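Letter by letter, the chains look like this.
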Amino acid sequence: MSGKPRLTYINGRGRMESIRWLLAAAGVEFEEIFLQTREQLLKLGQDGSLLFHQLPLVEIDGMKLVQCRAILSYIAGKYNLYGKDLKERALIDMYVEGISDLMQLILMFPFSPPEAKEKKIATIAEKATERYFPVFEKVLKQHGQDFLVGNRFSWADVQLMEAILAVEEKVPSVLSGFPQLQAFKTKMSNMPTIKKFLQPGSPRKPPPDENYVATVMKIFKLD
Amino acid sequence: MAAKPVLYYFDGRGKMESVRWLLAAAGVEFEEVFLETREQYEKLLQSGVLMFQQVPMVEIDGMKLVQTRAILNYIAGKYNLYGKDLKERALIDMYVEGLADLYELIMMNVVQPADKKEEHLANALDKAANRYFPVFEKVLKDHGHDFLVGNKLSRADVTLLETILVVEECKPDALAKFPLLQSFKARISSTPNIKKFLQPGSQRKPRLQEKDIPNLMAIFH
């Protein structure tokens, strides 16, 4: 009997990657089911597993959880990565939601037409360096602690780390004006669970390619 | 003496309306600062109180909260509208997130280009009738309770009512096939705090009109 959380998605990052990151950072082993056809998705919808006929789906603790934020909040709460009280949770929520807006640009990027891609990268770079990264640079500078909230590892740190690496894949020099974030990135990379996740052979998925886009279009028929 | 929360936004629904609903449902009085000119908005931006240079922003308990979900999560937690444990919270989160998808779809109709509006609305109403409302009709049928989660009023009930009303503004008979949602709507609407919020003169905002959009663009864009 496994008892491990089971993730159902396609074999790619998409909206499941943040969940993989959080489980991995919490040191939680999980299983994955990768859908390859639209029929498989429709079948899942028919047997009642998908509350709103959408993925991601995470089976955990007897529940069939859908909706990324519901899944992430549950994992964060269960593994003590959600702060010690309501006010710390509010800070974590603000940080995570802001980063999520930035990650949304990255999520949608593979689906933009080739002629728009250069402009999209410029937008990602601009938003990262002018709106989002300065906030976290300042937070870290002001309290001088290793972690964003409450001097303790939380969901916010995991999400920021994921975002930094994702943006760097598109804009390699993006952290050049952010010494605190550079130090943060190094510290996070050396945390045992995250270090393991960053090694080859982990459940971390590669950057989206044409194959990924084709699979998404075929299976999800984005409407 | 606790200061009332202060909401910073424009005088309209947008992303702040669900915050107004939740505070009202919790019986919490609040004040509002309406951003009516570009100058006002820029002053707010320059003052540094908007973490990601965006509204909504809510001043509450000494914090300047931004990001709608962070604001709603805090209010729900503080006023015991977020379930009794992690599993109830997960259920509530799933319901609320699903409803948020539907709500956004409906709200986006007003900004669709003229030749796409009708099709867009038809799609949104189709989703309401076939993807979202059936879920909540079934939840209520399966447990037979008055409220969606844990036999107690939660933010999920508030969000469901808010979403039902917004859909009905587009299609008055949207609940025709959902008897339990009809009785849910009647029941939740008559709870004292929500009843008060639904009356004229409350802080509930009217639907955005197309004619209001240019002014909003001038302030925020």
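Keep in mind that what you see is a predicted model, and the values were worked out from it rather than measured. Counting of residues starts from 1 at the beginning of each chain's written sequence and follows it residue by residue. Each chain takes a letter, starting from A, and each ligand takes a number, starting from 1, following the order in which they are written. The model is predicted, so local features are restricted to residues of pLDDT at least 70 and side-chain atom pairs to those at 80 or more, both for listing and for counting; the totals for chains, interfaces and linings are taken over all residues. To obtain the side-chain values, all non-hydrogen atoms of the structure were included, while hydrogens and water were left out.

Looking at this structure, how should I read the environment of Lys64 of chain A?
A run of DSSP states H or I qualifies as a helix once it reaches four residues; a run of E qualifies as a strand once it reaches two. Both are numbered from the N-terminal end. Of note, Lys64 of chain A is situated in strand E4 (residues 63-66). To sort residues, take the accessible area from a 1.4 Å probe on protein chains only and compare it with the maximum for the residue type: under 20% means buried, over 50% means exposed, and anything in between is partly exposed. On the basis of relative accessible area, Lys64 of chain A is assigned to the partly exposed category, the value being 40%. Put simply, Lys64 of chain A and Leu51 of chain A are 13 residues apart on the chain and 8.3 Å apart in space, counted from C-alpha to C-alpha. Only heavy atoms enter the contact rule, under which two residues are in contact if any of them lie within 4.5 Å. Other than its neighbours up to four places away in sequence, Lys64 of chain A contacts Ser49, Leu57, Val58 and Glu59 of chain A together with Met94 of chain B.

How should the pairing of strand E1 (residues 6-9) of chain B be read in this particular structure?
Two faces belong to every sheet, and in a regular strand the side chains alternate between them. Residue and element names in this part refer to chain B. What you see with E1 is no split at all: Val6 and Tyr8 on one side and Leu7 and Tyr9 on the other are buried throughout. Bridge count for E1 against strand E2 (residues 31-34) is 4 bridges, and the pairing is parallel. The residue bridging Tyr9 from the neighbouring strand is Phe34, located in E2. With the strands aimed away from the viewer, a crossover counts as right-handed if its path from the first strand over the helix to the second runs clockwise. In this fold, E1 hands off to helix H1 (residues 17-25), which returns the chain to E2; that crossover is right-handed. If DSSP finds at least two bridges between two strands, the strands pair.

What am I meant to see in the UniProt feature "domain: GST C-terminal" (unreviewed entry) in chain A here?
The residues that UniProt annotates with the feature "domain: GST C-terminal" (unreviewed entry) are residues 85-209 of chain A. The annotated region residues 85-209 of chain A carries 67% helix and 0% strand content, and the separation between its end C-alpha atoms amounts to 41 Å. UniProt positions are given in the numbering used here, feature names are shortened, and annotations may be inferred rather than shown by experiment.

Please explain the sheet that holds E4 of chain A as it appears in this structure.
Sheet strands associate in pairs through backbone hydrogen bonding, adopting either a parallel or an antiparallel arrangement. Residue and element names in this part refer to chain A. Pairing in this open sheet of 4 strands is mixed, and the strands run E2-E1-E3-E4 from one edge to the other. The open sheet has two edge strands, strand E2 (31-34) and E4, and neither has a second partner. Sheet twist, expressed as the mean angle between neighbouring strand axes with direction ignored, is 20 degrees. As paired elements, strand E1 (residues 6-9) and E2 share 4 bridges and run parallel to each other. Paired with Thr8 across the bridge in E2 is Ile33. Of the strands in this sheet, E1, E2 and strand E3 (57-60) touch helix H1 (residues 17-25), which is tilted by about 165 degrees from E1. To get an axis, fit a line to the C-alpha atoms, keeping to the stretch in contact for a helix; angles then go from 0 to 180 degrees between the N-to-C directions.

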